[in-house]
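# Secondary and tertiary structure notes
Below are the chains, spelled out letter by letter.
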Amino acid sequence: MSRTVLMFGVESLLGSHLVADALLSPREPGELVHCGVSSPPLQGARTGPLEAIRHAARHLAPTMSEGVREELLATRLRWVVPGAWDAPVDELWCLSSAALEMLPRSRIGELNLVSQPSVSTEELERQLAGPCGARDIPWRLFRPGLLLGVPSEEGTGWSEGLLPLLSALHTLKHEVEERAPGYFEHHALRVRAPIDAQPSVLPVHHAVKLSRGLASRPDTRGRVLDLVAPVPLPFAELCEHLGLEYGLSLLAVGPHESLAPVDRLFQLRLRDFERHLHVSPPRGSEELYAFAGVEPRALTMEPRAWRSMFRAVRKAQDMAHAERRRRVDTVWSSLRRSTVAVGGDSELTCLSGGMGEPPVVILNALGQGLRYWARLLECLLSKGRRVLLWEPREATRPLLLEDQVKDLEAVLNAEGVSRCHLVGWCTGASVAVEFSLRHPNAVVSSVFLNPSFKCDGGPKELDTDYEETLEPLFRMLDRRPAMVSSVMNSLRTRASAHPPDSTEVLTRMNRDLETEVLAPFRTEASTLDYARQLIDFWAYDVRARAREVRAPVLLLGGELDRVASSAAACEVARRFADGRYLEVHAGTHYCLYDRPALVAEVMERFFEDPRQVDGLSGEVERVT
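Notes on the structure in this doc start here.

Calculation rules
- Residues numbered from 1 in each chain as written.
- Predicted model: local features only at pLDDT ≥ 70, side-chain atom pairs only at ≥ 80, totals over all residues.
- Heavy atoms only, no water.
- Helix = DSSP H or I, 4+ residues; strand = E, 2+ residues; numbered from the N terminus.
- Rg over C-alpha atoms; globule rule 2.2 N^0.38 Å.
- Buried < 20%, exposed > 50% of the residue type's maximum accessible area, 1.4 Å probe, protein only.
- Contact = heavy atoms within 4.5 Å.
- Areas by Shrake-Rupley, 256 points an atom, 1.4 Å probe, with all protein chains shown as cover.
- Core = buried A, V, L, I, M, F, W, Y, C linked by side-chain atoms within 4.5 Å.
- Phe/Tyr/Trp six-rings, centres within 6.5 Å; stacked < 30°, edge-to-face > 60°.
- Lys NZ or Arg CZ within 6 Å of the ring centre and 35° of its normal.
- Arc of directions from axis to C-beta.
- Salt bridge = Lys/Arg side-chain N within 4 Å of Asp/Glu carboxyl O.
- Pairing = 2+ DSSP bridges.
- Axes fitted to C-alpha atoms, helices over the stretch in contact; angles between N-to-C directions.
- Parallel < 35°, antiparallel > 145°, perpendicular 65-115°, else oblique.
- Left-handed = near helix turned anticlockwise from the far one by under 90°.
- Nonpolar A, V, L, I, M, F, W, Y, C, P; charged D, E, K, R; others polar.

### Let's talk about the overall build of the protein
A count of helical and extended segments in the protein gives 21 helices and 20 strands. What you see for the protein is a C-alpha radius of gyration of 28 Å, in line with the 25 Å of a compact globule of 624 residues. Principal-axis analysis of the C-alpha atoms gives the protein an extent of 90 × 55 × 45 Å. For the protein, with 624 residues in total, the buried portion stands at 54%. The long-range fraction of contacts in the protein, counting pairs at least 24 apart against all pairs at least 6 apart in sequence, stands at 77%. Of the accessible surface of the protein, which amounts to about 27100 Å², a share of 50% is contributed by carbon and sulfur atoms.

If you want it as structure tokens, here you go:
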């Protein structure tokens, strides 16, 4: 009878590589590998656990033909639903402590548990003692160091081991260079770390070799086994390797060294990773390697080998980034377009995509096009959300707040929507509030991104410099329309001017948006309309009506928003019956474009449970 291996948690970086190695190098002829998953994938699937295992097999056996690999997957890999397994198991692997709750009731020859960094070893030993002690199951507990591998193209594994550091580095570099392309040619990126930090970075294929070697030894049962590199990698040396591969100067500095704003943002994104820099590498690697039957020198990485691995990861990141850009560029063509009649003989074009319910309805800022939403829209659609938004319609007069609310009513009626989430950017928040008051049962929740609440009689000390500049200009323009040409040219010049090099880079606008911000001032007529629209919106005081809004409200502001007042948003949040204000560290007025994945994460958490918006990334702070 063939030997049976069962693995839970195969979606992880180590899990996918363990499965692939077991398929490529079985201990016994005819050995079958069973993977516990909630929903078995189709054989040809190019996403999920099957693709992660396929990807791992390519890296572990690069010279093997694709046909042979696919035959192994088809003939020796089986998918099982954990609760449905009732056959004996010779070797059970749990790649997370949560898998201990799914142990099959049948005979288990031995259990190998891989610890998660967030769970203490003492807690894991306690969890193992219960089921294993009662059933006399031999066990091992593996504690891997910082694993390094090339994740699959569809994204599995980016949150594990050393990869969060590499992901933060790659993302920050793109984010900064989209605002200031030459920034890192003149500025080093500094990261605080203990001067003697030596993280144990271990390539995932080395971890597989060690863990499978240790698991083959009966005398390693009942032990805690640290999967560590034979030689720790000094953090300063790691930074040097990464700087060369990512095209910047990455410097490790002492814990008390000063940091520039870009450095502080990078440090903030490494908040969960930092603890690895304060842990001394476990001792006793010689004994571990002897038990595994592995010569330490065979797994010692030379600088060239490290560089090769980092280059492979960066190339995978570049490919994933290019694929995201491609999806964003094509998101508009993927949407369904329909014509909605509004206000007599007027009509607008509604765009919709996705299938989830209730839909997310986007309320754009006055005078702006839809490009700002492209990246966030792609994120929401990829999460299975149904999304509705519409292009600004042509009109012979300024479209005021009342018109905007009626447009929203017309779109929901045409789309057959009875309940929805509202997401308003900037002035779109006022539209959402007024609609919520008129149709309280239609709104599940509202999210206001960088909301603008400037209003007549409101606290002037909360206005931004931008708002203080616009108000006298637009009120003068309303009284003296003949001034429109000079006002338009002045605003166009101001909006398109590049800030001086001394300006903090994180406050700058993404260069993709430089032409978009000119939309309200493209003609004299549009400039005059925009001025009168804003004057109309300033007459609407959200503060006076906020308490009447019944649905939960989330206000998300940006620390560096120079357009809409974060202080005003925080003050207004306290007036809603069920409101909360969160602030994005180093976020601008254009967070929805600069940080779409973060904004989508906040929104998804809020949609799922408005009470559970704490515990998010360190980039977001709950203020109220």
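### Digging into the nonpolar core
In this structure, L77, L148, L162, L165, L166, F235 and F266 are the most contacted members of the largest nonpolar core, which totals 85 residues. In contact with L165, other than residues within four places in its own chain, are F235, L238, L242, F266, L270 and F273. With 57 residues, the next largest nonpolar core counts L408, L412, A432 and W538 among its residues.

### Points about the packing of aromatic side chains
Given two aromatic rings, their pairing is described by the distance between the two centres and the angle made by the two planes. Considering all chains together, one arrives at twelve aromatic pairs under this definition. Aromatic pair W306 and F310: ring centres 6.0 Å apart, planes at 15°, arrangement stacked. Within this pair, W306 and its partner F310 are both found in helix α11 (residues 303–329), separated by four residues, close to a single helical turn. Its relative accessible area of 4% is what places W306 among the buried residues. Aromatic pair W373 and W425: ring centres 6.4 Å apart, planes at 90°, arrangement edge-to-face. Of this pair, W373 sits in the loop between β14 (360–363) and α12 (374–382) while W425 is found in strand β16 (residues 420–425), placing the two residues 52 residues apart along the sequence. The exposure class of W373 is buried, given its relative accessible area of 0%. For W425, a relative accessible area of 1% translates into the label buried. Pairwise contacts between aromatic rings join Y372, W373, W425 and Y590 into one cluster. Over the ring of Y593 we find R375; its NZ or CZ atom is 4.0 Å from the centre of that ring.

### Examining helix α3 (residues 66–76)
Turn by turn, an α-helix covers 3.6 residues, leaving residues three or four places apart pointing in a common direction. Looking at α3, one finds that the buried residues are R69, L72, L73 and R76. The buried side chains of α3 occupy one side of the element, clustering within an arc of 110° when seen end-on. Those residues of α3 hidden inside the fold are in contact with α1 (13–24), β2 (32–36), α2 (48–60) and β3 (77–80).

### A closer look at the side chain of S97
Secondary-structure assignment places S97 in the loop between β4 (91–94) and β5 (111–114). Excluding residues that lie within four positions of it along the chain, S97 makes contacts with L113, V119, L124 and Q127.

### Focus: the pattern of salt bridges
A side chain of one charge can pair with a side chain of the opposite charge if their charged atoms are brought near each other. Under the counting rule described, the total for this entry stands at 55 salt bridges. Linking R3 and E91 is a salt bridge whose minimum nitrogen-to-oxygen distance equals 2.7 Å. Highlighted residues: R3 in the segment before β1 (4–8) and E91 in strand β4, separated in sequence by 88 residues. Of the two residues, R3 and E91, neither departs from the other in class, the shared state being buried. Note that E471 is salt-bridged to R475, the shortest N-O span being 3.1 Å. Here R475 and E471 lie together in helix α15 (residues 465–479), a separation of four residues that amounts to about one turn. The exposure class of E471 is buried, given its relative accessible area of 14%. Residues joined by salt bridges that share partners form a network here, namely E175, R179, R269, D594, R595 and E619.

### A look at the sheet that holds strand β15 (residues 387–390)
The sheet built from nine strands is open, its strands ordered β12-β13-β15-β14-β16-β17-β18-β19-β20 with mixed pairing. Of all strands in the sheet, those with a lone pairing partner are β12 (336–342) and β20 (620–622), marking the two edges. Each strand of the sheet is rotated relative to its neighbour by a mean of 25°, with strand direction disregarded. Packed onto the sheet, helix α13 (residues 401–415) meets β12, β13 (346–353), β14, β15 and β16 and runs at close to 125° relative to β12.

### A short note on the environment of E516
Among the structural elements, E516 can be located in the loop between α16 (484–496) and α17 (524–538). For the pair E516 and G367, spaced 149 residues apart in the sequence, the C-alpha separation amounts to 9.9 Å. Contact partners of E516, with chain neighbours within four places excluded, come to Q368, R371 and Y372.

### Here we look at the packing of α12 against helix α21 (residues 596–608)
A pair of packed helices can be characterised by two numbers: the angle between their axes and the separation between those axes. The interhelical angle for the contact between α12 and α21, taken along N-to-C directions, is 50°, at an axis separation of 9 Å. In terms of axis orientation, α12 runs oblique to α21. Crossing of α12 over α21 shows right-handed handedness. The residues of α21 that touch α12, namely those facing R375, L376, C379 and L380, are P596, A597, V599, A600, M603 and E604. Taken together, the residues of the contact of α12 with α21 break down into eight nonpolar, no polar and two charged.

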